[in-house]
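Structural overview for review
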There are 2 protein chains.
Amino acid sequence: MRLYLLPPDFNGQNQLTLTGSDCNYMVNVLRLKEGRQITGRDKSGKTYLLTVEKIKKGSCILSVSALEEEVETTDALPGLRPTKTIVLYQCLPKGRKMDEIIKRATEMGVRAIVPVKSKNCVAEPSSSSKTSRYSALVKEAIQQSGSLVPTEVMEPISLEEIPSHFKEHFTQDYCGLFFHQCELEENQKNLLSLLEGAGATVSAFAVVVGPEGGFDDGECSIMINSGLHPILLKTNILRCETAALYAVAAIQTISESL
Amino acid sequence: MRLYLLPPDFNGQNQLTLTGSDCNYMVNVLRLKEGRQITGRDKSGKTYLLTVEKIKKGSCILSVSALEEEVETTDALPGLRPTKTIVLYQCLPKGRKMDEIIKRATEMGVRAIVPVKSKNCVAEPSSSSKTSRYSALVKEAIQQSGSLVPTEVMEPISLEEIPSHFKEHFTQDYCGLFFHQCELEENQKNLLSLLEGAGATVSAFAVVVGPEGGFDDGECSIMINSGLHPILLKTNILRCETAALYAVAAIQTISESL
């Protein structure tokens, strides 16, 4: 389903004039003609039926009417919305990998993506230019996927700050996991048994994924001591952008099934 | 871990001369200098220690010695190999999406990727040129990830042929799943309970993922009647390339944990 995210200053008025990139999205990307309709959503998650009334050079005028229920969506895969909150703490990877991670994580309904600076990160924390590019990627992914989760990319933090960051911005009642290439504890639980145990009663998950070089021993100790659970996935070596999406897919599927 | 896949005609000889793209991979991609070593693997899965003896213009000479055990690997995520066989039956998506799916599925250790022609496919089944590009993508992904699974891209088939194709090429003892955007059966099981039930005793999974338009009712009936289980994932609408990797990650994680 194509979706239009209404501007932050939208206040429920019954007409809206779009210009610039928003107009371009409607007219040139979605190729909407006058009279065509599309679903819109405001920042609170309320949905509206938008009708293209007039297309001018550089602007288009929409009439706006509130929708009682969500619009049916169809695509290659399910339209059920995830009920568990997943926040991805992604240690900064090289180059443009973060863009890919942000796009896919948004599509999967991750609540927030938080860039993390860890020892093996070669990339620099997001500059403001990066931050605005990230926000644009999130908006695009939400509009494409029709995700009902208000995904956001947050300011970069350090590895040590993860637990306090999660408790401050989300909830005290969560399960934190990080992925490592070898077992760190005796009888370490696999992801399924961990989620069926500690994860079964919580509604939120903090998922920490390393950079290309992974975590060093000191970082692992810090995370374990702060209550995060080490997880070893029984799969191949994955590139870190694949790893992030693999981890989110696994955690979301299991936690939503319990 | 970087890995070099030895040519199909390699017969265990103790010296090997590489030319063309293989030489280019060693010299320009991996930037190996004379005296440097890398792990090689032959088509049977046996590993060798390769030493660069001489680099000439357009060719390089390697000495080859068999390795007793596998080489340690390190990266952002685990190096355990998956033990369950997963075959991805991917209804042909538009454009270059199939390339992305093949790369990531190979990285995750999927045993085979089989292009499927279904009603809503707009793409044409692979031409021979596509097939050779696919093989190159698989080789590259195996070499990058050091996957120990001999992934292959097979010839396109039709949706109806999936069960017989799997039994002929893999095993009779398998669990087949397809992903759909709504529930098709009363008390339809979620992925976790299905894998804990029917999936718990099998060692192989056939995973069917639709094209952009999904499956139509007739196709769903055909698959259900041939013993495939419909699965509804509790996530957002996903693009079909994301859907394929999401499904593989979820199935692999759960089945390897049981």
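Note that the structure is a prediction, hence the values are computed from the model and not measured.

The rules behind each value
- Residues numbered from 1 in each chain as written.
- Chains lettered and ligands numbered in written order.
- Predicted model: local features only at pLDDT ≥ 70, side-chain atom pairs only at ≥ 80, totals over all residues.
- Heavy atoms only, no water.
- Helix = DSSP H or I, 4+ residues; strand = E, 2+ residues; numbered from the N terminus.
- Expected span 1.5 Å × (residues − 1).
- Buried < 20%, exposed > 50% of the residue type's maximum accessible area, 1.4 Å probe, protein only.
- Contact = heavy atoms within 4.5 Å.
- Buried area = accessible area lost by both parts, 1.4 Å probe.
- Salt bridge = Lys/Arg side-chain N within 4 Å of Asp/Glu carboxyl O.
- Polar contact = N/O pair within 3.5 Å; in protein donor to acceptor, adjacent residues only side chain to side chain.
- Nonpolar A, V, L, I, M, F, W, Y, C, P; charged D, E, K, R; others polar.
- Pairing = 2+ DSSP bridges.
- Axes fitted to C-alpha atoms, helices over the stretch in contact; angles between N-to-C directions.
- Least-squares fit on C-alpha atoms with pLDDT ≥ 70 in both.
- Parallel < 35°, antiparallel > 145°, perpendicular 65-115°, else oblique.
- Left-handed = near helix turned anticlockwise from the far one by under 90°.
- Domains from an automatic or database assignment.
- Arc of directions from axis to C-beta.
- Phe/Tyr/Trp six-rings, centres within 6.5 Å; stacked < 30°, edge-to-face > 60°.
- Lys NZ or Arg CZ within 6 Å of the ring centre and 35° of its normal.

1. Digging into helix H7 (residues 240-257) of chain A
In this model H7 of chain A runs 26 Å from its N-terminal to its C-terminal C-alpha over 18 residues, within 8% of the 26 Å that 1.5 Å per residue would give. With 18 of 18 residues buried, H7 of chain A is to be regarded as a mostly interior element.

2. A short note on the interface of chain B and chain A
The interface of chain B with chain A comprises 53 residues on the first partner and 53 residues on the second. Carbon and sulfur atoms supply 57% of the area that chain B and chain A bury against each other, a total of about 5000 Å² over both sides. Connecting chain B to chain A are six salt bridges. At the junction of chain B and chain A, the tally comes to 20 residue pairs in polar contact (both at pLDDT 80 or more). Among the elements that make up the side of chain B that touches chain A, the one with the highest residue count is helix H7 (residues 240-257) of chain B (13 residues). Tallied by class, the residues present in the side of chain B that touches chain A amount to 23 nonpolar, 19 polar and eleven charged.

3. Quick look at the sheet that holds strand E4 (residues 47-56) of chain B
Residue and element names in this part refer to chain B. Judged by pairing direction, the sheet is mixed, and its five strands sit side by side in the order E1-E3-E4-E5-E2 without closing on themselves. Across the chains shown, the open sheet's two edge strands, defined by having one partner strand only, are strand E1 (3-5) and strand E2 (15-19). Each neighbouring strand pair of the sheet contributes to a mean axis angle of 40°, computed without reference to strand direction. As defined by bridge partners, strand E3 (residues 37-41) adjoins E4 across five bridges and the pair is classed as antiparallel. Bridging from a neighbouring strand, Gln 37 pairs with Thr 51 of E4. Its contacts with the sheet put helix H1 (residues 20-29) on E1, E2, E3, E4 and strand E5 (59-66), and the angle it makes with E2 is roughly 100°.

4. Some points on the relation of the copies chain B and chain A
The operation relating the pair of chain copies consists of a rotation about an axis and a translation along that axis. The two copies are related by a screw operation: chain B maps onto chain A through 180° of rotation and 0.0 Å of translation along the axis, at an RMSD of 0.1 Å. Overall, the copies show the geometry of a two-fold rotation axis. Within chain B, Ala 250 of chain B has its C-alpha nearest the rotation axis, a separation of 2.2 Å. Looking at chain B, 100% of its interface residues are interface residues in chain A too, so the copies touch through the same face.

5. Describing the packing of H7 of chain A against H7 of chain B
At a minimum axis distance of 8 Å, the contact between H7 of chain A and H7 of chain B shows a crossing angle of 65°. The pairing of H7 of chain A with H7 of chain B is recorded here as roughly perpendicular in orientation. H7 of chain B is crossed by H7 of chain A, and the crossing has right-handed handedness. Contacts from Tyr 246, Ala 249, Ala 250, Gln 252, Thr 253 and Ile 254 of chain A in H7 of chain A reach Tyr 246, Ala 249, Ala 250, Gln 252, Thr 253 and Ile 254 of chain B in H7 of chain B.

6. Focus: the side chain of His 165 of chain A
Residue and element names in this part refer to chain A. Structurally, His 165 can be placed in helix H4 (residues 162-169). We classify His 165 as buried; its relative accessible area is 7%. The residues contacting His 165, other than those within four sequence positions of it, are Tyr 89, Val 114, Met 154, Ile 157 and Phe 170.

7. With respect to the domain arrangement of chain A
Residues and elements named next belong to chain A. Structurally, chain A comprises domain 1 (3-66) and domain 2 (85-257). Domain 1 puts six residues into the contact, and the matching count from domain 2 is six residues. Approximately 590 Å² of surface area, both sides summed, lies buried where domain 1 meets domain 2, with 51% of it carried by carbon and sulfur atoms. For domain 1, the biggest contributors to the area lost against domain 2 are Leu 3, Leu 5 and Arg 41; these three give 71% of the whole. Where domain 1 touches domain 2, the interface holds one salt bridge. Measuring nitrogen to oxygen at the nearest pair gives 3.0 Å for the salt bridge that ties Lys 139 to Asp 22. Inspection of the domain 1/domain 2 interface yields three residue pairs in polar contact (both at pLDDT 80 or more). Those elements giving two or more residues to the side of domain 1 that touches domain 2 turn out to be strand E1 (3-5) and helix H1 (20-29). Partitioning the side of domain 1 that touches domain 2 into residue classes produces four nonpolar, no polar and two charged.

8. Some words on helix H6 (residues 217-225) of chain B
Three or four residues apart is the spacing at which side chains of an α-helix point the same way, because the helix has 3.6 residues per turn. Residues and elements named next belong to chain B. Where H6 is concerned, the buried positions are Glu 219, Cys 220 and Met 223. Buried residues of H6 fall within an arc of 100° about the axis and therefore sit on the same side. Seen from the open side of H6, the exposed residues pointing more than 90 degrees away from its buried face are Asp 217 and Asn 225. Its buried side turned inward, H6 meets strand E10 (175-179) and strand E11 (204-209). With a side-chain oxygen positioned 3.0 Å from the backbone nitrogen of Gly 218, the residue opening H6 is Asp 216. One or two residues past the end of H6 sits Gly 227, with phi positive at roughly 95°.

9. Some words on the packing of aromatic side chains
By the definition in use, this model includes ten aromatic pairs over all chains. Each ring, one from Phe 10 of chain B and one from Tyr 48 of chain B, has its centre 5.0 Å from the other, and the planes form 80°; the classification is edge-to-face. Separated by 38 residues along the polypeptide, Phe 10 of chain B in the loop between E1 and E2 and Tyr 48 of chain B in strand E4 bring together distant segments of the chain. One exposure class covers both Phe 10 of chain B and Tyr 48 of chain B, and it is buried. Positioned above the aromatic ring of Tyr 48 of chain A, the side-chain terminus of Lys 46 of chain A is 5.0 Å from the ring centre.

10. A short note on unusual backbone geometry
Residue and element names in this part refer to chain A. Despite not being glycine, Arg 31 has its phi angle at roughly 50°, a positive value. Along the chain, Arg 31 turns up in the loop between H1 and strand E3 (37-41). Unusually for a residue other than glycine, Asn 187 sits at a positive phi of about 50°.

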